[in-house]
Amino acid sequence: MKEMICPNCQRKQKIQPGEYHYTESGLPNVWLIGVEIFECECGESFAFIPCIQELHKLIAHELITQENSLSGLEIRFLRKTMGLKAKDFAELLGVKNVSVSRWEHGEFSPPEPTDRFIRLFYAANMGLSEIAQELAKNIFRKPKRKQAQIIRLPIDRLSRETCMNV
Ligand SMILES: [Zn+2]
């Protein structure tokens, strides 16, 4: 069992695997399963998030293959995972800067064809040709507008080849 000295109160506490509400992702609905968590009686707590880049690609995969329409926060997450500035993303999509900003702030949702295009664009941009093909086959499926689903991501799904810390 791993242990660590609390940076706040200097007491020794165990580090244990558990579930972690990953709000640092900028998404309200992502839980990581099997993450190492430090919790202290003094209230100090944090999680050891491994391989953030790889992890964000897994989350993005969940987002682009979901049945729901993309939310504003999800669009922002996809854009950031691609490493694009809002201005550049708008230019690549062929929309105005203000449109991207309004989607991301939840002022209004992109039209359905744009929702699909963002997913395909992400898959193409990130070299996910198989997912791009799947998305293209599902192109007539109508996204259902409902609340964001909880994404529960087991951390052991991270690839050991690309992620050395797991
Ligand atoms: Zn403490």
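Every chain's residues receive numbers from 1 upward, in the order its sequence appears when written. Only residues with pLDDT of 70 or above have their local features reported here, since the model is predicted, and side-chain atom pairs are shown and tallied only from 80 upward, although totals for entire chains, interfaces and linings are computed over all residues.

### Things to note about the overall build of the protein
Alright, step 1. Runs of E in the DSSP output that reach at least two residues are strands. Runs of H or I that reach at least four are helices, and both are numbered from the N terminus. A count of helices and strands for the protein gives six helices and five strands.
Alright, step 2. Each helix and strand of the protein, placed in order from N terminus to C terminus, yields the pattern β-β-β-β-α-α-α-α-α-α-β.
Alright, step 3. The burial criterion counts other C-beta atoms lying within 10 Å of a residue's C-beta, which is placed from the backbone; the residue is buried at 20 or more, exposed at 12 or fewer, and partly exposed between these limits. Among the 166 residues that make up the protein, the fraction classed as buried is 20%.

### Here's the deal with helix α5 (residues 112–125)
Alright, step 1. Under the convention used throughout, the expected extent of a helix is 1.5 Å for every residue step, that is, one less than its residue count. In this model α5 runs 20 Å from its N-terminal to its C-terminal C-alpha over 14 residues, within 8% of the 20 Å that 1.5 Å per residue would give.
Alright, step 2. Those residues of α5 not exposed but buried are Arg 116, Ile 118, Arg 119, Phe 121, Tyr 122 and Ala 123.
Alright, step 3. Any two residues are considered in contact once their C-beta atoms, placed from the backbone, lie within 7 Å. Looking at the packing, one finds that the buried side of α5 touches α1 (52–64), α2 (72–81), α3 (86–93) and α6 (129–137).
Alright, step 4. Positive backbone phi, approximately 70°, marks Gly 127, located one or two places after α5.

### Looking at the nonpolar core
Alright, step 1. Note on terminology: a nonpolar core is any set of buried Ala, Val, Leu, Ile, Met, Phe, Trp, Tyr and Cys residues joined through C-beta atoms within 7 Å. Within the largest apolar cluster, 15 residues are counted, with the highest numbers of intra-cluster contacts made by Ala 60, Leu 63, Ile 64, Ile 75, Leu 78, Ile 118 and Tyr 122.
Alright, step 2. Listed by contribution, the elements that provide at least two residues to this core are α1, α2, α4 (97–104) and α5.
Alright, step 3. Counting residues per element, this core draws most heavily on α5, which supplies four residues.
Alright, step 4. Dropping the residues within four chain positions of it, Ala 60 is found in contact with Phe 77, Leu 78, Thr 81 and Tyr 122.
Alright, step 5. If you look at the next biggest cluster of nonpolar residues, it comprises eight residues, including Tyr 20, Tyr 22, Val 30 and Ile 155.

### Here's the deal with the environment of Lys 80
Alright, step 1. When you line up the elements, Lys 80 lands in helix α2.
Alright, step 2. Remark: the alpha-carbon pair of Lys 80 and His 56, spanning 24 residues in sequence, is separated by 9.5 Å.

### Thoughts on unusual backbone geometry
Alright, step 1. Even without being glycine, Gln 10 reaches a positive phi, approximately 65°.
Alright, step 2. Positive phi outside glycine occurs at Cys 51, with the angle close to 45°.
Alright, step 3. Within the element layout of this structure, Cys 51 appears in the loop between β4 (45–48) and α1.

### Some words on the pairing of strand β1 (residues 2–5)
Alright, step 1. Note: two strands are recorded as paired if DSSP finds a minimum of 2 bridges between them. As judged from the four bridges shared by β1 and strand β2 (residues 12–21), these two strands associate in the antiparallel manner. Bridged to Lys 2 within β2 is Ile 15.
Alright, step 2. Here β1 folds back onto β2 in antiparallel fashion, the turn holding six residues, of which Gln 10 has a positive phi close to 65°.

### What to know about the environment of Gln 16
Alright, step 1. Structurally, Gln 16 can be placed in strand β2.
Alright, step 2. Take Gln 16: there are 12 C-beta atoms within 10 Å of it, and that puts it in the exposed class.
Alright, step 3. Along the chain, Gln 16 and Ile 37 lie 21 residues apart, while their C-alpha atoms are 5.3 Å from each other.

### Considerations on the environment of Glu 39
Alright, step 1. Take Glu 39: it is sitting in strand β3 (residues 30–39).
Alright, step 2. Linking Glu 39 and Met 4, residues 35 residues apart in sequence, is a C-alpha distance of 9.8 Å.
Alright, step 3. If we ignore the near neighbours within four places in the chain, the residues touching Glu 39 are Gln 13 and Ser 45.

### Section: the packing of α3 against α4
Alright, step 1. The geometry of α3 relative to α4 is characterised by a closest axis approach of 8 Å and an angle of 110° between their N-to-C directions. By the angle class used here, α3 and α4 are roughly perpendicular. At the point where α3 passes α4, the crossing takes the right-handed sense. Here Ala 86, Lys 87, Phe 89 and Ala 90 of α3 come into contact with α4, specifically with Asn 97, Ser 99, Val 100 and Ser 101. In this analysis, axes come from line fits to C-alpha atoms, helices being fitted only over the stretch in contact, and the angle between any two N-to-C directions falls in the range 0 to 180 degrees. In these notes the angle categories are as follows: under 35 degrees is roughly parallel, over 145 is roughly antiparallel, 65 to 115 is roughly perpendicular, and the rest is oblique. Crossing handedness is read from the near helix: turned anticlockwise from the far helix by less than a right angle, it gives a left-handed crossing, and turned clockwise, a right-handed one.

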